[in-house]
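Reading the structure
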Amino acid sequence: MNFAKAALRGSNSVILSRLRSSPAQNLCKSCLNLLAKPKYHVNSFHTACGPLRHGEYEYEAPKSPEDIVNITYLDRDGETEHHIKGKVGDNVMYLAHRHDLDVEGACEASLACCTCHVIVQDEYFDKIPEATEEEEDMLDLAPFLTATSRLSCQIILTKELDGMKVELPHATRNFYVDGHVPQPH
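The paragraphs below set out a description of the structure included in this document. All of these numbers come straight from a predicted model, not from anything done at the bench.

1. Focus: the overall build of the chain
- The secondary structure content of the chain amounts to six helices and five strands.
- The helix and strand sequence of the chain, counted from the amino end, reads α-α-α-β-β-α-β-α-α-β-β.
- Buried positions account for 47% of the 185 residues belonging to the chain.
- Considering only contacts within the chain whose residues lie at least 6 apart along the sequence, 68% involve residues at least 24 apart.
- As displayed, the chain offers around 9,300 Å² of accessible surface, 50% of which is attributable to carbon and sulfur atoms.

2. Remarks on the side chain of S110
- Looking at the element boundaries, S110 is found in the loop between α4 (92–98) and β3 (117–120).
- The buried category is assigned to S110, whose relative accessible area is 18%.
- There is a polar contact of 2.9 Å between the side chain of S110 and the backbone oxygen of C107.

3. Some words on the sheet that holds strand β2 (residues 81–87)
- Here five strands make up an open sheet; going across it, the order is β2-β1-β5-β3-β4 and the pairing mixed. Each edge of the open sheet carries a strand with a single partner, namely β2 and β4 (149–151). Taken pair by pair, the neighbouring strands of this sheet meet at an average axis angle of 35°, ignoring direction.
- Two strands pair when backbone bridges link them, and strand β1 (residues 68–74) and β2 are joined in this way by seven bridges, in the antiparallel orientation. From the neighbouring strand, Y73 faces β2, where its bridge partner is H82.

4. As for a negative patch on the surface
- On the surface, E130, E133, E134, E136, D137 and D140 cluster together into a negatively charged patch.
- We classify D137 as partly exposed; its relative accessible area is 41%.

5. Notes on the environment of E104
- One can find E104 in the loop between α4 and β3.
- Remark: the alpha-carbon pair of E104 and Y94, spanning 10 residues in sequence, is separated by 9.6 Å.

6. Some thoughts on the state of the cysteines
- Applying the stated criterion across every chain, the model contains zero disulfides.
- Free cysteine C107: the closest other cysteine sulfur is in C113, separated by 3.6 Å.
- According to the relative accessible area criterion, C107 is buried, its value standing at 17%.
- Among the cysteines around C116, which has no disulfide bond, C153 carries the closest sulfur, lying 3.7 Å off.

7. Topic: the pattern of salt bridges
- On inspection of all chains with the given rule, the structure shows five salt bridges.
- Salt-bridge contacts for K63 lead to E60; the nearest nitrogen and oxygen are separated by 3.7 Å.
- For K63, a relative accessible area of 70% corresponds to the exposed category.
- Under the relative-accessibility criterion, E60 is labelled partly exposed at 29%.
- The partner of K87 in a salt bridge is D90, with the nearest N and O atoms 2.8 Å apart.

What counts, and where the lines are drawn
- Residues numbered from 1 in each chain as written.
- Predicted model: local features only at pLDDT ≥ 70, side-chain atom pairs only at ≥ 80, totals over all residues.
- Heavy atoms only, no water.
- Helix = DSSP H or I, 4+ residues; strand = E, 2+ residues; numbered from the N terminus.
- Buried < 20%, exposed > 50% of the residue type's maximum accessible area, 1.4 Å probe, protein only.
- Contact = heavy atoms within 4.5 Å.
- Areas by Shrake-Rupley, 256 points an atom, 1.4 Å probe, with all protein chains shown as cover.
- Polar contact = N/O pair within 3.5 Å; in protein donor to acceptor, adjacent residues only side chain to side chain.
- Pairing = 2+ DSSP bridges.
- Axes fitted to C-alpha atoms, helices over the stretch in contact; angles between N-to-C directions.
- Patch = residues over 30% accessible without salt bridge, like charges linked within 9 Å, V, L, I, M, F, W, Y side chains within 5 Å.
- Salt bridge = Lys/Arg side-chain N within 4 Å of Asp/Glu carboxyl O.
- Lys, Arg positive; Asp, Glu negative; His and termini not counted.
- Charge placed at Lys NZ, Arg CZ, Asp CG, Glu CD.
- Disulfide = S-S within 2.5 Å.

So far we have only geometry, and geometry alone does not tell us how the molecule works.
Put into structure tokens, the structure is as follows:
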């Protein structure tokens, strides 16, 4: 599963609008055909030929004040808070990577690990789209699981999430190799 498929679980319209706003010469025939299909076909496309790769959108600054979504990450120590100005459409895991926060994401948002596990503040948990069965399967492997645990790679920021606070659990489990931190492409 690639970034686009994983990210689209949270926000089809945001990713599609990114693709639609790109010049046609940046898209392959498959992506152009995708844009002509209804939303429910979105999970079948890839981004290798598209204008953005894993996490690149999160490295762009908000284009207007209306796009800003404030999010707070509480470090593993339970005391240090990082107040971040994200934007609508940002992936919570890749936004953490942009700001050098300790969110691993070993599988790069492909729903194959639980290293980006976060604990979402109660009042925001119900504002996030429901977890898929694949996400729940990965969360079952996460240490320090709570009732409001989610994988940060599956949370896409919306204006409704402005002010959200996510807590990094005291530890994660990386079946690849403990200590390995993947580098964004």
